[in-house]
Amino acid sequence: SPSDVSQKPLSLINCVTFPLPSVMPDQPEQQLLKPNEWSYCDYFWTDKKDPQGTPSVGGFEVLLQKQLKGKQMQKEMAEFVRERIKIEDEYSKNLSKLSQSPLAAQEEGTLGEAWAQLKRSCHDEAEVHLKFSNKLQCEVEKPLLTFRDNFKKELKKYDHHIIDLRKQLASRYAGVEKARKALADRQKDLEVKTQQLDIKHMNKHEEDIKKARRKSTQAGDDLMHNVDLYNRAQSKWFEEMVTTSLELERLEVERVEMIRQDLRQYTTLRHETDMFNQSTVEPVDQLLQSVDPAKDRELWVQEHKTGELRPVDMDI
């Protein structure tokens, strides 16, 4: 009852935010909510401390910073892919321009055919790199940016909600502490007045004692009320912390898996590009195997010969 609380030693009133065995010896030992999983919901209940040991950042804020860092990393990955796309575009453009160069266009014979094919292969390779660039944009960069935007929207749901609940919990805790102090003061006042009555045995002190007892009882009621408000806030915060931390954990798993798949797509496209690039030089290889200096000489002579009659000695 409230009157019982007014007489209970303050050390037995449970208003500890994070019950520890050293503080609450009667509390059963806490078990992890998700053993052997290193889950977010088990390891971020208290505040992170600075080098001086002073609490500086709430556990949930540490989780939130992790998510925000992941979002930034994903943005930078998309920027990296964008730079690769620019390089591929520029490379494709330069290869295409090079393939139209008139350099060595007058080479003849089987060597001339191989040289012309090599130039055509530059054009084909330019097309391969252009396609690679387009696929990078559609199949790698765009999914990264789309997932990041959705990820950002998800984070906004939790940005302030849990932090507000934690602030409310701190406010309720302050209310409990204030009520505990008020009860202690009333108990002390009642004890003093009771001792005065025992010593002097004066009837005029009886009314003061009754008043002090009423105030002590009221202080006990106030403490009970504040403890109830605190426990409700703590229960709400606990439920939301577990739910939200598991949700953040799910989002992080999704982010990592998505990026892993995205980067695998990148490597797949790279392998395809290498394969297509190889196919552009295969005709060049074939023609190079057919280059025949003797054949080239025959063709050139047939086209450019000036006569078969050789000079002979004169007869006098």
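Per an unreviewed UniProt entry, the recorded name for the chain is Growth arrest specific 7, and the organism is Oncorhynchus kisutch.

Draft legend 1. Summary view of the overall build of the chain. Regarding its fold elements, the chain presents seven helices and two strands. Along the chain, helices (α) and strands (β) appear in the sequence α-α-β-β-α-α-α-α-α when read from the amino end. If you take every contact in the chain between residues at least 6 apart in sequence, the share linking residues at least 24 apart comes to 81%. When the accessible surface of the chain is summed, it comes to about 21,700 Å², and 54% of that surface belongs to carbon and sulfur atoms.

Draft legend 2. Spatial organisation of a positive patch on the surface. Taken together, the side chains of R186, K210, K211, R214 and K215 define a basic patch exposed on the protein surface. The element contributing the most residues to the positive patch is helix α6 (residues 204-290), with four residues. For K210, the position within the fold is in helix α6. Under the relative-accessibility criterion, K210 is labelled partly exposed at 45%.

Draft legend 3. Fine view of the environment of T273. Here T273 lies in helix α6. For T273, a relative accessible area of 3% translates into the label buried. Once the C-alpha coordinates of T273 and V128 are considered, the two residues, 145 residues apart in sequence, prove to be 6.5 Å apart. Contact partners of T273, with chain neighbours within four places excluded, come to V128, H129 and F132.

Draft legend 4. Highlighting the side chain of S99. Residue placement: S99 occurs in helix α3 (residues 59-99). Overall, S99 belongs to the buried group, its relative accessible area being 12%. Once residues lying within four places of it in the same chain are set aside, the contact partners of S99 are K119, C122 and H123.

Draft legend 5. Geometry of the packing of aromatic side chains. Scanning all chains against the criterion turns up six aromatic pairs. Where W38 meets Y43, the ring centres are 5.1 Å apart and the plane angle is 20 degrees; that geometry is what we call stacked. Classification of W38 as exposed rests on a relative accessible area of 67%. By relative accessible area, Y43 is classed as partly exposed at 36%. Three or more aromatic residues link up through ring pairs in this structure, and these residues are W45, W237 and F238.

Draft legend 6. How the structure looks around unusual backbone geometry. Although it is not a glycine, W38 adopts a positive phi angle of roughly 50 degrees. In this structure, A104 takes a positive phi of about 60 degrees despite not being glycine. On the secondary structure map, A104 appears in the loop between α3 and α4 (109-158). Residue classification places A104 among the partly exposed residues on the basis of a relative accessible area of 46%.

Draft legend 7. Structural context of the pattern of salt bridges. Scanning all chains against the criterion turns up 16 salt bridges. The shortest N-O distance in the salt bridge between E272 and K135 comes to 3.7 Å. On the criterion of sequence distance, the pair formed by E272 in helix α6 and K135 in helix α4 is long-range, its members being 137 residues apart. Overall, the relative accessible area of 32% leaves K135 in the partly exposed class.

Draft legend 8. Region of interest: the side chain of T110. Within the fold, T110 resides in helix α4. For T110, the side chain forms a polar contact with the main-chain nitrogen of D292, separated by 3.1 Å. Reaching out from T110, the side chain makes a polar contact with the side chain of D296 at a distance of 2.5 Å. Ignoring anything within four residues of it in the chain, the contact list for T110 reads S290, V291, D292, K295 and D296.

Draft legend 9. Region of the structure containing the environment of D47. Here D47 shows up in the loop between α2 (40-43) and β1 (48-49). For D47, a relative accessible area of 27% corresponds to the partly exposed category. For the pair D47 and E61, spaced 14 residues apart in sequence, the C-alpha separation works out to 8.9 Å.

Draft legend 10. Fine view of the environment of I87. As for its position among the elements, I87 is in helix α3. We classify I87 as exposed; its relative accessible area is 53%. Spatially, the C-alpha atom of I87 lies 9.7 Å from that of H129, the residues being 42 residues apart in sequence.

Definitions and limits used
- Residues numbered from 1 in each chain as written.
- Predicted model: local features only at pLDDT ≥ 70, side-chain atom pairs only at ≥ 80, totals over all residues.
- Heavy atoms only, no water.
- Helix = DSSP H or I, 4+ residues; strand = E, 2+ residues; numbered from the N terminus.
- Contact = heavy atoms within 4.5 Å.
- Areas by Shrake-Rupley, 256 points an atom, 1.4 Å probe, with all protein chains shown as cover.
- Patch = residues over 30% accessible without salt bridge, like charges linked within 9 Å, V, L, I, M, F, W, Y side chains within 5 Å.
- Salt bridge = Lys/Arg side-chain N within 4 Å of Asp/Glu carboxyl O.
- Lys, Arg positive; Asp, Glu negative; His and termini not counted.
- Charge placed at Lys NZ, Arg CZ, Asp CG, Glu CD.
- Buried < 20%, exposed > 50% of the residue type's maximum accessible area, 1.4 Å probe, protein only.
- Phe/Tyr/Trp six-rings, centres within 6.5 Å; stacked < 30°, edge-to-face > 60°.
- Polar contact = N/O pair within 3.5 Å; in protein donor to acceptor, adjacent residues only side chain to side chain.

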